[in-house]
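Structural characterization, general
The chain contents come next:
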Amino acid sequence: MSYRTTDDNEPLSVDQCIPADGIRRRGQRLSVHWHNANWHGGSTPRGGNTDSGRIDIPQAAINGVTLNYEVVGEEGPWIVLTPGGRGDLEGVRYLGNRLAKEGYRILLHDRRNCGASDVLIEGEISEQEIWADDVYALLEQLEATPVIAGGGSAGCRLSLLLALRHPDAVRGLLLWWVTGGDVASTQLGHAYYGQFIEAAKNGGMDAVCQTDYFAARIDSNPRNRNYLLGLNPDEFIHTMSMWRDFFVEGAQLPVIGASEKDLASIKLPTCIVPGNDPVHPKSRGEDLHHLMTGSEICYIHTEAEQKKLADRNPGDVMREIGTCLLYTSPSPRDLSPSRMPSSA
């Protein structure tokens, strides 16, 4: 497994990221810092081993699951970054490295049911809200609050939900690719849940395990296979259907997962980068900007250029977003304890 530097994008191995002569930022060293809030030498919340298919990734026991995570940078204000879709932490590594170079500490993590973290299909609230509660618990373990929460698409939803459900834990928001509308509701509801409901109805949990997505979850975390095969298909379908309702019911909201009243209640410094496709309409990002007092909006491209951007390497997209976020974000010095209000 390799990682990219913040300066020249040449790949670095895990071993190369850690030495004392690592990448410099503001006169100091940047490294991948292998924090571990709760290391499991041989036990996990579900029993079994900790073989996640990835080397030297720290793990934390959070709300009944084991989550993989990393911290990039050694000091400075905390930022948690979350990728879109069900992507793993690699989706925001470039941006995390770049922000760490500016003097921040960056938390990257695989959400439950994503990346190499545990799969757990249960809960009485939406999966999106569970993700927000999980990252809050992880941040608390790391003593990383208040935090700047950032993410694109699904990561944007998580960041907003984190601010709504745990307002004292968030000091600012970096949001890109805001989702909303009928197209997003229909497409995402099927992508996240509908296709797996169909698989379970047609072939039980064995069929679910054979879908590309859950096959990858088993490959990156082998203990997920026994867990999935042990699920009752009817219970799996019930939970996934309930989770899909989050998107169905969110179609008429300004942003999927949050009402106008919810969004207007968030009084935080916020940077918004709108998208420009049917799932992430530019208008949704603009509406969010108008609803959130104190927010700034940043357009990274014209409409024609954004359409071309959709076909480019994800790393290129993150470079564009990173430039915008860095331009509008407060500096680490501005967020130092000595310069923050006592109520921060």
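Residues numbered from 1 in each chain as written. Predicted model: local features only at pLDDT ≥ 70, side-chain atom pairs only at ≥ 80, totals over all residues. Heavy atoms only, no water.

**Concerning the overall build of the chain**
Going by this rule: Each helix corresponds to a stretch of at least 4 residues labelled H or I by DSSP, and each strand to a stretch of at least 2 residues labelled E; elements are numbered beginning at the N terminus. In what follows, a contact means two residues having at least one pair of non-hydrogen atoms within 4.5 Å.
Helix and strand counts for the chain come out as twelve helices and 13 strands. In the chain, the share of contacts with a sequence separation of at least 24, taken over all contacts with a separation of at least 6, comes to 69%.

**Some thoughts on helix H6 (residues 212-220)**
Rules: Burial classification: accessible surface area is computed with a 1.4 Å probe over protein chains only, and a residue below 20% of its type maximum counts as buried, one above 50% as exposed, and the rest as partly exposed.
Burial in H6 covers these residues: Tyr213, Phe214, Arg217, Ile218 and Ser220. Those residues of H6 hidden inside the fold are in contact with helix H5 (182-210) and helix H7 (223-229).

**Some points on the side chain of arginine 112**
How we decide: Whenever a nitrogen or oxygen atom comes within 3.5 Å of another N or O atom, the pair is scored as a polar contact, on the condition that within protein one atom can donate a hydrogen and the other can accept it, and that pairs from neighbouring residues in sequence are kept only if both atoms are in side chains.
Take arginine 112: it is sitting in the loop between strand E9 (105-109) and helix H3 (127-141). Among the polar contacts listed, one links the side chain of arginine 112 to the backbone oxygen of asparagine 63, at a separation of 3.1 Å. Within polar-contact distance, the side chain of arginine 112 engages the side chain of aspartate 134 at 2.6 Å. Sequence-distant contacts of arginine 112, defined by excluding residues within four places in its chain, comprise Ile62, Asn63, Val65, Leu67, Ser117, Asp118, Leu120, Glu127, Ile130, Trp131 and Asp134.

**A few points about the packing of H3 against helix H4 (residues 154-165)**
The following threshold applies: To obtain an axis, a line is fitted to C-alpha atoms, over the contacting stretch when the element is a helix, and the angle between two such axes runs from 0 to 180 degrees between their N-to-C directions. Note that the term roughly parallel is reserved for angles under 35 degrees, roughly antiparallel for angles over 145, roughly perpendicular for angles of 65 to 115, and oblique for everything else. For any pair of crossing helices, the crossing counts as left-handed if the nearer helix is rotated counterclockwise from the farther one by less than a right angle, and right-handed if it is rotated clockwise. Residues are sorted three ways: Asp, Glu, Lys and Arg are charged, Ala, Val, Leu, Ile, Met, Phe, Trp, Tyr, Cys and Pro are nonpolar, and all the rest, Gly among them, are polar.
Two numbers describe how H3 lies on H4: the axes approach to 9 Å, and their chain directions differ by 70°. One finds that H3 runs roughly perpendicular with respect to H4. In terms of crossing hand, the pair formed by H3 and H4 is right-handed. Contacts between H3 and H4 pair Gln128, Glu129, Trp131, Ala132, Asp133, Val135, Tyr136 and Leu139 from the former with Arg157, Leu158, Leu161, Leu162 and Arg165 from the latter. Residues of the contact of H3 with H4, tallied by class, amount to eight nonpolar, one polar and four charged.

**Considering helix H8 (residues 233-248)**
Note the cut-off: Here the expected length of a helix is defined as 1.5 Å per residue gap, with one fewer gap than residues.
With 16 residues, H8 extends 22 Å between its outermost C-alpha atoms, agreeing within 8% with the 22 Å of an ideal straight helix rising 1.5 Å per residue. The set of residues buried in H8 consists of Phe236, Ile237, Thr239, Met240, Trp243, Phe246 and Phe247. Here H8 starts with a cap whose side-chain oxygen sits 2.7 Å from the backbone nitrogen of aspartate 234, and that cap is asparagine 232.

**Digging into the pairing of strand E12 (residues 270-273)**
Within a regular strand, side chains alternate between the sheet's two faces. Threshold: A pair of strands is labelled paired if DSSP reports no fewer than 2 bridges between them. By convention a crossover is right-handed if, when the strands point away from the viewer, the path from the first strand over the helix to the second runs clockwise.
Burial along E12 is two-sided: the residues Thr270 and Ile272 and Cys271 and Val273 are all buried. For strand E11 (residues 170-176) and E12, the ladder comprises four bridges, and the chain directions are parallel. Bridging from a neighbouring strand, leucine 174 pairs with cysteine 271 of E12. Remark: the E12/helix H10 (residues 282-291)/strand E13 (residues 295-297) crossover connection has right-handed handedness.

**Some points on the pattern of salt bridges**
A pair can form between side chains of opposite charge whenever their charged atoms are brought close. Keep this limit in mind: Just to be clear on terms, a salt bridge is a Lys or Arg side-chain nitrogen sitting within 4 Å of an Asp or Glu carboxyl oxygen.
Across all of its chains, the model carries seven salt bridges by this definition. One salt bridge connects arginine 93 with glutamate 90, and the closest N-O pair in it is separated by 2.8 Å. Residue classification places glutamate 90 among the partly exposed residues on the basis of a relative accessible area of 29%. For arginine 223, the salt bridge is made with aspartate 118, and the minimal N-O distance between the two is 2.8 Å. Of the two residues, arginine 223 sits in helix H7 while aspartate 118 sits in the loop between E9 and H3, which places them 105 residues apart along the sequence. Since its relative accessible area comes to 11%, arginine 223 is described here as buried. One network of salt bridges, in which partners are shared, links Glu70, Glu90 and Arg93.

**Focus: the packing of aromatic side chains**
Our working rule: Each aromatic pair joins two rings of Phe, Tyr and Trp (for Trp, the six-membered one) with centres within 6.5 Å, and gets the label stacked for planes under 30 degrees apart, edge-to-face for over 60, and tilted for any other angle.
Under the criterion given, the structure shown has ten aromatic pairs. Taking the centre distance of 6.4 Å and the plane angle of 55° together, the rings of tryptophan 131 and tyrosine 192 count as tilted. Residue tryptophan 131 is located in helix H3, and its partner tyrosine 192 is located in helix H5; the two are separated by 61 residues in the primary sequence. Across the pair, exposure class does not vary: tryptophan 131 and tyrosine 192 are buried alike.

**Considering the environment of phenylalanine 246**
Among the secondary structure elements, phenylalanine 246 is positioned in helix H8. Considering only alpha carbons, one finds phenylalanine 246 and glutamine 128, 118 residues apart in sequence, at a separation of 8.3 Å. The contact partners of phenylalanine 246, leaving out residues within four places of it in the chain, are Ser126, Gln128, Arg157, Leu161, Ile256 and Gly257.

**Focus: the nonpolar core**
Rules: Residues belong to one nonpolar core when they are buried, are Ala, Val, Leu, Ile, Met, Phe, Trp, Tyr or Cys, and are joined through side-chain atoms within 4.5 Å.
Ranked by size, the top nonpolar core spans 68 residues in total, and within it Leu107, Leu160, Leu173, Leu228, Phe236 and Leu288 carry the most contacts. Broken down by element, this core gets its largest block of residues, eleven residues, from H5. Aside from chain neighbours lying at most four places away, what touches phenylalanine 236 is Ile121, Phe196, Ala200, Met205, Val208 and Leu231. Among the nonpolar cores identified, the runner-up in size contains 19 residues, and Val92, Leu95, Leu99 and Tyr104 belong to it.

**Describing unusual backbone geometry**
Between threonine 145 and proline 146 the backbone carries a cis peptide bond, its omega angle lying at 0°. On the secondary structure map, proline 146 appears in the loop between H3 and strand E10 (147-152). Positive phi, close to 65°, is recorded for asparagine 113, a residue that is not glycine. Position of asparagine 113 among the secondary structure elements: in the loop between E9 and H3. Backbone geometry at tryptophan 177 places phi at a positive 60°, although glycine is not the residue there.

**Here's the deal with the environment of alanine 137**
Following the sequence through the fold, alanine 137 ends up in helix H3. Among the residues examined, alanine 137 registers a relative accessible area of 19% and is labelled buried. Note: C-alpha distance between alanine 137 and asparagine 63 (74 residues apart in sequence) is 7.8 Å. When neighbours within four sequence positions are excluded, alanine 137 is seen to be in contact with Ile62 and Asn63.

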